[in-house]
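# Structure at a glance
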Amino acid sequence: MVRYPKTHLHIYSSPKSLMKFFVSFLGALGDLAVRFKYINDIQDETQWNESFQRTQQKLVVAAQRAKQEIAEGQAKALDYDKL
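Residues numbered from 1 in each chain as written. Predicted model: local features only at pLDDT ≥ 70, side-chain atom pairs only at ≥ 80, totals over all residues. Heavy atoms only, no water.

Under the counting rule described, the total for this entry stands at 3 aromatic pairs. Here tryptophan 48 and phenylalanine 52 contribute two aromatic rings whose centre-to-centre distance is 6.3 Å and whose plane-to-plane angle is 25°, an arrangement assigned as stacked. Of the two residues, tryptophan 48 and phenylalanine 52 both sit in helix H2 (residues 15-71), 4 residues apart, roughly one turn of that helix. Look at tryptophan 48 and you get exposed, because its relative accessible area is 57%. Judged by its relative accessible area of 34%, phenylalanine 52 is partly exposed. Within the aromatic cluster, the residues linked to one another by ring pairs are Phe21, Phe22 and Phe25. (Phe/Tyr/Trp six-rings, centres within 6.5 Å; stacked < 30°, edge-to-face > 60°. Helix = DSSP H or I, 4+ residues; strand = E, 2+ residues; numbered from the N terminus. Buried < 20%, exposed > 50% of the residue type's maximum accessible area, 1.4 Å probe, protein only.)

Enumeration according to the criterion identifies 1 salt bridge in this entry. When the shortest N-O distance is used, the salt bridge between aspartate 41 and lysine 37 registers 2.8 Å. In this pair, aspartate 41 and lysine 37 both sit in helix H2, 4 residues apart, roughly one turn of the helix. Exposure remark for lysine 37: the relative accessible area of 48% places this residue in the partly exposed category. (Salt bridge = Lys/Arg side-chain N within 4 Å of Asp/Glu carboxyl O.)

Rendered as structure tokens:
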């Protein structure tokens, strides 16, 4: 049998106090989950912004080339079956 110090016995002295403990614990756990999600979203957004900044000039060049090909009649319709 495990013996706990007397200072911890009051926490588990009744089902009601045990239930309060678990409700409090689950609330704290939920708060941590929300914070983790928020931090994860910020990290994803930061990664997207950094990636976009690295490739932005390439996207501009590709768009200009596509616009020129359309103007010259060299562009072809997109065939979704070939994707």
